[in-house]
Amino acid sequence: MSLIVSGAVFHRSIQPLRNSHIFAPVKQEQKHIYGIKLRGRSYIAILFVVVVITIVVTYILNRLISDEVEDVSANISRSSFVKKYDNLQNRFLLLQKPLYDAENLALESSDTVTSLQRLRILSAIQISDSSVVRNWYGIVPEGGEQTVFVHGAEGNTTSLRENIRSQLQKGKTGITGKVLPGVAGQYLWRQTIYFKAPYGTVFYGYDLDLGVVHQLLLEVGKYTQSYAYIFTADGVCLLHPDTVHIGKNVFDFSAVLPSDTISGPSDHNERVVASKYLDLEVMNYVKPLHIAGGRYYIAVNFLKSINEEDINRISKYSLYIYLLSTLLLLFIFYYFTSAIRVQYRRQEQLRQEKAGLALEKEVFQKESALLQLQQLKNQVDPHFLFNALNALHTLIDQDKALSKKFTVKLSRLYRYLIQAPEENITRVEKELNFIAEYLFLQQTRFADKIECTTTVKEVASLQRKIPYLSLQTLVENALKHNVATREHPLYIGITIFPDKVVVKNTYQPKEYEQEGSRFGLKYLKRIYDFYKVTGFKTGIKDGFFYCELPLM
């Protein structure tokens, strides 16, 4: 019994090359380029006109490209500004989220005790945040006295309580926010919410360390060659890349003017200013920051010189295009005057290509011969046949009907082995039918020591192809190199995906691995290498050995 890889595989892949233009004789009329014979002066005149036209067109395109780049650079700056604005606004809204959480928790409570318990839990959770210096909460019943519960930094809280009492006396509702000086140059952003509940007035607030907030937001919306800072309507800076400016008046250390906080028709203001932070000209965008508790603004700056550098770079590239076009035209002229030399190079190229094809043919022949040898070894397994005949001998006396079925399937199995495909690849459907026969014989022998499943994810995949005997090779390896007992049965699963077949088995290797344990995998690897198909993988994961067979 033998299997031979037919040489038809090689001839089929090489035949189209023989019919291609590589082997076609060079026609005599190819020596006359375009079939036109031009006299020297006429040819030079035409070439001169083409060069002049090329120069003029390139110059016009260069100007158009420069103008377009200016517009594109401006659009990119605006787009980057919008992204950075949105990112920072979202992060500042997150900083105010505990205020809304407190309101929801309090309004969902039916009495003062429950509300205070929920606010206490929220306060305890929030105080673990590194940016929170202290937080407070309380409830003022109708006609009662207010009590303030403060968590966090120790110190005098008299001014805090007085501020809360003042706001309550004014009947304040909603969110308030302001920047306060802390200790050791520290600045705080105080946020407090006041709202009415059925059982009284509820308040919740906290102080955020702006220095810590700056570190948390340092990487938010970071774009190349740009920076942003946030300030209140009074000009107090909340966020700046240089932390020394936090808490200072933004109108003192930046080029932003109070008039910039008045939005125009485009909901933001933009103008070129001199950045004191970078000591360079920047494109400055100012837009209101829509968060509760006051009026805030964000200013985003982009280096103007970057846009100019881009424009100059594009202009330089356009000049390169012009020079290359001129050189190309000169090369064409040289090409026309060197027709004989070009023809000789073509002939030399054809000779080299023929030599390369001959070498490729020799490599294919060697690879094909190696595949033949491997296929021959993989087909006939005397050990499997010996075990199958022993199992059949036992079945004849025990179950004649099963022994007949066993004999039929054994004959089908070896008929498939004998009728090997010429290309060494076959349809997935045929391989599944064959492996079903093979697994029946093995399960008759191993009984409940092995479990096998087959899953088809997409029926159309059954018409794709895989290497001949690939499933049998992997199943045989699983049985040969793994322990299979009733206590620890060997599971073998075959799954057909749209683009691959995955075969996996429980990884419970025998104590002593049999010789040649990698031969079957090397055979499959060489088949895929022969057809230049990538994606063949093997490995061990989560207690399973698996192999991926790409569909061809």
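None of these values were measured; they are calculated from a predicted model.

**Remarks on the sheet that holds strand β4 (residues 187-197)**
Right, on to step 1. Taken together, five strands build an open sheet; the order of strands is β2-β1-β5-β4-β3 and the sheet is antiparallel. Only two strands of the sheet have a single neighbouring strand rather than two, namely β2 (149-152) and β3 (174-181). The sheet shows a mean angle of 15° between the axes of neighbouring strands, taken without regard to direction.
Right, on to step 2. Direction of pairing for strand β1 (residues 132-140) relative to strand β5 (residues 200-209): antiparallel, over a ladder of eight bridges. The residue bridging V132 from the neighbouring strand is L208, located in β5.
Right, on to step 3. Lying over the sheet, helix α3 (residues 97-107) contacts β3, β4 and β5, oriented at roughly 20° with respect to β4.
Right, on to step 4. Against the sheet, helix α4 (residues 112-126) makes contact with β1, β2 and β5, and its axis sits at roughly 175° relative to β1, the strand it touches most.

**Quick word on the packing of α3 against α4**
Between two packed helices, the angle of one axis relative to the other and the distance separating the axes together describe the packing.
Right, on to step 1. For the pair α3 and α4, interaxial distance at closest approach is 9 Å and the crossing angle is 160°. Overall, the two elements α3 and α4 adopt an arrangement that is roughly antiparallel. Judged by the twist between their axes, the crossing of α3 over α4 is right-handed. Contact residues: P98, D101, A102, L105 and A106 in α3; S115, R118, L119, L122 and Q126 in α4.
Right, on to step 2. Here the contact of α3 with α4 is composed, by residue class, of six nonpolar, two polar and two charged.

**Some words on the sheet that holds strand β15 (residues 500-506)**
Each strand in a sheet pairs with another by means of backbone hydrogen bonds, the pair being arranged parallel or else antiparallel.
Right, on to step 1. Strands sit in the order β12-β14-β15-β17-β16 across an open sheet of five strands; the sheet is mixed. Strands with a single pairing partner mark the edges of an open sheet, and in this sheet they are β12 (450-456) and β16 (537-541). Ignoring strand direction, the axes of neighbouring strands in this sheet form an average angle of 15°.
Right, on to step 2. Pairing analysis gives seven bridges linking β12 to strand β14 (residues 490-496), with the strands arranged parallel. Counted as the bridge partner of I450 is L490 from β14.
Right, on to step 3. Seen against the sheet, helix α12 (residues 428-446) touches β12, β14 and β15 and runs at an angle of roughly 165° to β12.
Right, on to step 4. Along the sheet face, helix α13 (residues 470-481) touches β12, β14, β15 and β17 (544-550) and points at about 160° away from the line of β14.

Criteria and thresholds
- Residues numbered from 1 in each chain as written.
- Predicted model: local features only at pLDDT ≥ 70, side-chain atom pairs only at ≥ 80, totals over all residues.
- Heavy atoms only, no water.
- Pairing = 2+ DSSP bridges.
- Helix = DSSP H or I, 4+ residues; strand = E, 2+ residues; numbered from the N terminus.
- Axes fitted to C-alpha atoms, helices over the stretch in contact; angles between N-to-C directions.
- Contact = heavy atoms within 4.5 Å.
- Parallel < 35°, antiparallel > 145°, perpendicular 65-115°, else oblique.
- Left-handed = near helix turned anticlockwise from the far one by under 90°.
- Nonpolar A, V, L, I, M, F, W, Y, C, P; charged D, E, K, R; others polar.

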